[in-house]
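Take a look at the letters that make up each chain.
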Amino acid sequence: MTDMHFLFFGFGVVWLGIFSYLLYLSGRIRSVRDELRSLHDQLDAVDTNSQS
Amino acid sequence: MQSRLQNVTTGLSFLLLLLVMGLALFAMFLFAPAERVQGDVYRLLFVHVPSAWLAFLAFGVVAFGSVLYLIRESSRWDRLAVASAELGVLFTTLALATGSIWGRNVWGVWWQWDPRLTTTLVMWFIYAGYLALRAYIDDSAIKPRMAAVAGIVGVLSVPLVWFSVEWWRSLHPTPSVTSPGGGLPGEMLLTLLICVAAFTVLYGVLLRQRMLLEQASSLTAALIERLHTRSESPPQ
Amino acid sequence: MLTAKDLTIRRGHRDILQNVTFTVQPGERIAILGSNGSGKTTLLRTIAGLLRPRTGTIHINGVPPVSSNHGVRRTVGFLGHHPHLYPYLTARENLQIQARLFGMHDPDLRIETTLTTVGMTVSANRHVREFSRGMQQRLGLGLAMLHSPSVLLLDEPDAGLDPEAIEDLPNIIATLCPHSAVVFSTHNDRVVTALADQVGRVAQAKVHFPNRAAKEIGPLPANKTPRQTGFFSAATTLFVKDARIEWRAREQVPTLLIFTLLIALVFDMAFIAVVKTEAAAVATGVLWTSVLLAATLGGTRLFGAEHERGTLDGLLLAPIDPSSIYVAKFLVLSIETFFVGAMQLAFVSLLLNVPLLQGSTIGALALSTTAISAVIALHSSLIINARAREVLLPLLSIPIALPVVLAGVGATLSTLEITPAAQQWPWFGLLTITTAVFLSIGVVLYPYTTR
């Protein structure tokens, strides 16, 4: 391995690490957003049933 | 999940991040000259050192949030602590990885049981343990307090890592930025500072997103409780 | 007198009880009824000070039950779902510990009266682990009433009792706590009839007192808060209690000694080629592997066992500084770990021919086990509500204790190699500093883990 390979490898690890974490975060944000939407819908449904 | 203002702020912060990262990349590869002995591979310094410094900052913020949580008992400080702990583990991992790759090139080995490397690895384990503690406590009323105590004790490792190169004979270079007379030449130092600024903006952006996620998760749990209560109670 | 005003108690994200207001006068007895999960136990635990309300105030004789002056807990007696009893102590010893923690002077007569009243005189010198559920419940009642509390809180006092004992409940309370304000929960109508002056029903997060006129709560009587039991007195009582239990149970130490011997044998066999020239280094490795194993295994049970038995609640209800609990546990772990290390030193001196009774080596071992125990005792308290405790404790403690391990290994090796004192002192210095730092941190932070 030459010096440039090490340089490329090192920077690759950094960007991979940062983007992996960003992907993980956005995945969790998406799932929490979906869950919140679903919970709001369920709460609305329960409230509607109890009023009728 | 986020208000309009929060969306705008998020967008602006990512834009700022893009700009600063772009500037850092320019500085790293086009502004900073090659090093006399190591050539271009030394440019790993510009990601290795900021990663390590941001790890120290992150763990300091964990301790700060933990102390404030124990005093104020507001969940905002707990959210700050857990978000910063995750980022601290991320940056420590990057520092260890880039250090290992650079070390392979310079010293010929991927790892040495050297004081700085060893204490940094220990610091990684301390905060991995902090995250594991949070993961293994199910009671949400108790978890922040126990984690806060662990976060305060864990910060003791940070000065240990920082001073390890001075207290024990080490392969790792002694602090070259702050040493008088020696240290990095002007363009390299400026590049390093730009990279530290870029990583700090990255830390800030990720911290904010992670805290918002934690807040949303708490809201989810509260809604689930409310849903159970409404479902169980008789119609009014 | 007990006064609760506008109490709202939250568990998780839900208000279990809202705007609870009532007063209980000295000598008055109030039953709290309600279905399972309605909040009766939560209410009693909140009044006792084990939980904190989200809003509202509680006063016992004009003082809140949770205060920086822990002496206020002298005024509260509490019996939860599990009596706070130590299985390896006798009935009398359990009461004696309680008396010391509550700072009772000349408690012998009171202890005998309590044993007689709850019908435990015959079994007074038997270990609690030999008792039936009903006998434990009767002793638990006695424990709650031993110090004549102003307010007596009983969560299902009839649980596990036979009909005769249930009939005797009013007499027990009248004899031991005639002037206490009593609040109790139950599902048993006979207990309500026999005991209660007033009945409160918990339903939909509210407590209703059907036969009780709403009273305006006037100015609270100003009372002098009792003093808490002295720190060292409490720590000593708890340390002696734990040491006695460990001696009688003999669960931990024999297991560790067997592992210790196995470690010594394995290292001796593995390093057979170098053991003559590197005896001190091999011995240091053997010794420190055993010390860390002993400290970690001991630490896993340290607070966890108290928590599982329910006795930790009993300690937190005592009028003592919570840090004294930490100090007692730390001392127990230190001595246990030192003992295992000392036995290992004996094994390695036989197998590897290293000096045995060297003061500096024993000193290094003593300091090291103290420092390690200070770290592990604090982390042991963090994991009591966690899963996978056996994994978490070493993951949390050992990295933090790295300076101790380094200094301990350095000190042990240098003393076994009989290096000049000038080379040994830095390690001892580091051990002393780390012991002081970790012990101080433990004393300061432990109370936060108990709230």
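Provided above is the structure to which this section pertains.
A quick note: this is a predicted structure, and the numbers were derived from the prediction, not measured. (Residues numbered from 1 in each chain as written. Chains lettered and ligands numbered in written order. Predicted model: local features only at pLDDT ≥ 70, side-chain atom pairs only at ≥ 80, totals over all residues. Heavy atoms only, no water.)

K.L.:
Mind laying out the packing of helix α13 (residues 359-382) of chain C against helix α16 (residues 421-450) of chain C, listing which residues take part and the relevant values?
P.N.:
Residues and elements named next belong to chain C. Running from N to C, α13 and α16 cross one another at 25 degrees; their axes reach a closest spacing of 9 Å. In this view, α13 runs roughly parallel relative to α16, as classed from their interaxial angle. Considering how the two elements wind past one another, α13 and α16 form a crossing that is left-handed. Looking at the contact of α13 with α16, its residues break down into 14 nonpolar, 11 polar and no charged. (Axes fitted to C-alpha atoms, helices over the stretch in contact; angles between N-to-C directions. Helix = DSSP H or I, 4+ residues; strand = E, 2+ residues; numbered from the N terminus. Parallel < 35°, antiparallel > 145°, perpendicular 65-115°, else oblique. Left-handed = near helix turned anticlockwise from the far one by under 90°. Nonpolar A, V, L, I, M, F, W, Y, C, P; charged D, E, K, R; others polar.)

K.L.:
How would you summarise empty space enclosed by the protein if you had to cite specific residues and measurements?
P.N.:
Rolling a probe over the atoms, with the probe sized like a water molecule, indicates the empty space that remains. All names here are of chain C. Per the counting criterion, the structure on display carries 4 cavities of 30 Å³ or more. Quantified by volume, the largest cavity comes out at close to 120 Å³. Around the largest cavity sit 15 residues that line it, and Phe78, His84, Gln98, Ala144 and Leu317 are the ones nearest its centre. Mapped onto the lining of the largest cavity, the elements with two or more residues apiece are β5 (76-79) and α4 (133-145). The biggest single contributor to the lining of the largest cavity is β5, with 4 residues. (1 Å grid on protein atoms, 1.4 Å probe; cavity = no way out; pocket = protein on both sides within 12 Å on 5 of 7 lines; lining within 4 Å. Points joined across faces, edges and corners; volume = space filled by probe spheres on them.)

K.L.:
Give me the lowdown on the interface of chain A and chain B, citing residues and values where you can.
P.N.:
Opposite the 29 residues of chain A that make contact, chain B presents 39 residues. A combined buried area of about 3200 Å² lies between chain A and chain B, and 81% of that area is made up of carbon and sulfur atoms. Per-residue buried area on chain A facing chain B is highest for Phe6, Phe11 and Tyr21 of chain A; these three make up 20% of the total on that side. Here chain A and chain B share 0 salt bridges between them. On inspection of chain A and its partner chain B, the count reaches 1 residue pair in polar contact (both at pLDDT 80 or more). Looking at the side of chain A that touches chain B residue by residue, the class counts come to 19 nonpolar, 5 polar and 5 charged. (Contact = heavy atoms within 4.5 Å. Buried area = accessible area lost by both parts, 1.4 Å probe. Salt bridge = Lys/Arg side-chain N within 4 Å of Asp/Glu carboxyl O. Polar contact = N/O pair within 3.5 Å; in protein donor to acceptor, adjacent residues only side chain to side chain.)

K.L.:
Got a sec to walk through the interface of chain B and chain C? Specific residues and values, please.
P.N.:
If you look at the interface, chain B gives 31 residues, while chain C gives 30 residues. Summed over both partners, the interface of chain B with chain C comes to about 2800 Å²; 71% of that surface belongs to carbon and sulfur atoms. The interface formed by chain B and chain C includes 2 salt bridges. A salt bridge links Glu73 of chain B to Arg52 of chain C, with the nearest nitrogen and oxygen atoms 3.0 Å apart. Mapped onto the side of chain B that touches chain C, the elements with two or more residues apiece are α4 (115-136), α5 (143-154) and α7 (186-232) of chain B. Counting residues per element, the side of chain B that touches chain C draws most heavily on α4 of chain B, which supplies 10 residues.

K.L.:
Could you give an account of the pattern of salt bridges, with specific residues and numbers?
P.N.:
All names here are of chain C. Following the criterion strictly, the structure yields 22 salt bridges over all chains and no others. A salt bridge links Asp15 to Arg54, with the nearest nitrogen and oxygen atoms 3.0 Å apart. Taken together, the residues span a long stretch of sequence, with Asp15 in strand β2 (residues 14-24) and Arg54 in the loop between α1 (40-48) and β4 (55-60) at a distance of 39 residues. Arg54 sits in the partly exposed class, given a relative accessible area of 46%. Where salt bridges share partners, they join Lys241, Asp242, Glu306, Arg309 and Lys329 into one cluster. (Buried < 20%, exposed > 50% of the residue type's maximum accessible area, 1.4 Å probe, protein only.)

K.L.:
Give a description of the sheet that holds strand β3 (residues 29-33) of chain C that names residues and reports values.
P.N.:
Residues and elements named next belong to chain C. Within the open sheet, the 6 strands sit side by side as β5-β6-β7-β3-β8-β9. Their pairing is mixed. Only two strands of the sheet have a single neighbouring strand rather than two, namely β5 and β9 (206-208). Direction aside, the axes of adjacent strands within the sheet are offset by 20 degrees on average. The strands that α4 touches are β5 and β6 (151-155); relative to β5, the one it contacts most, it runs at about 165 degrees. (Pairing = 2+ DSSP bridges.)

K.L.:
Which residues make up the packing of aromatic side chains, and what values go with them?
P.N.:
Residue and element names in this part refer to chain C. Following the criterion strictly, the structure yields 18 aromatic pairs over all chains and no others. Plain terms: the ring middles of Tyr326 and Tyr446 are 6.2 Å apart, the flat faces sit at 25 degrees to each other, and that makes the pair stacked. A residue pair is termed long-range when its members are at least 10 positions apart, and Tyr326 in helix α12 (residues 322-352) and Tyr446 in helix α16 qualify at 120 residues. Given a relative accessible area of 0%, Tyr326 falls into the buried group. (Phe/Tyr/Trp six-rings, centres within 6.5 Å; stacked < 30°, edge-to-face > 60°.)

K.L.:
Which residues make up the nonpolar core, and what values do they have?
P.N.:
Phe22 and Leu43 of chain C are the most contacted members of the largest nonpolar core, which has 183 residues in total. For this core, the element with the highest residue contribution is α7 of chain B, accounting for 18 residues. When residues no more than four places from it in sequence are discounted, the contact partners of Leu43 of chain C are Leu7, Ile9, Leu17, Val20, Phe22, Ile32 and Val207 of chain C. Of all hydrophobic cores here, the second largest spans 37 residues; its members include Leu146, Leu154, Ala165 and Ile173 of chain C. (Core = buried A, V, L, I, M, F, W, Y, C linked by side-chain atoms within 4.5 Å.)

K.L.:
Summarise the environment of Pro107 of chain C; cite the residues concerned and give the values.
P.N.:
Residues and elements named next belong to chain C. Mapped onto the secondary structure, Pro107 falls in the loop between α2 (91-101) and α3 (108-117). Judged by its relative accessible area of 18%, Pro107 falls in the buried class. Through-space distance from the C-alpha of Pro107 to that of Leu195 is 27 Å; in sequence the pair is 88 residues apart.

K.L.:
Describe the pairing of strand β8 (residues 198-203) of chain C, naming the residues involved and giving the relevant values.
P.N.:
All names here are of chain C. Burial of the side chains of β8 is restricted to one face: Gln198, Gly200 and Val202 are buried, whereas none of Val199, Arg201 and Ala203 on the reverse face is. Where β3 meets β8, 4 bridges bridge the pair, whose relative direction is parallel. Looking at the pairing, Ala31 lines up with Val199 of β8. By the bridge criterion, 3 bridges tie β8 to β9 in an arrangement that is antiparallel. When the sheet's bridge partners are listed, Ala203 is paired in β9 with Lys206. Where β8 folds back onto β9 in an antiparallel hairpin, the turn is made up of 2 residues, including Gln204, whose phi is positive at roughly 50 degrees.

Without other data, these values stay purely geometric and don't point to any function.
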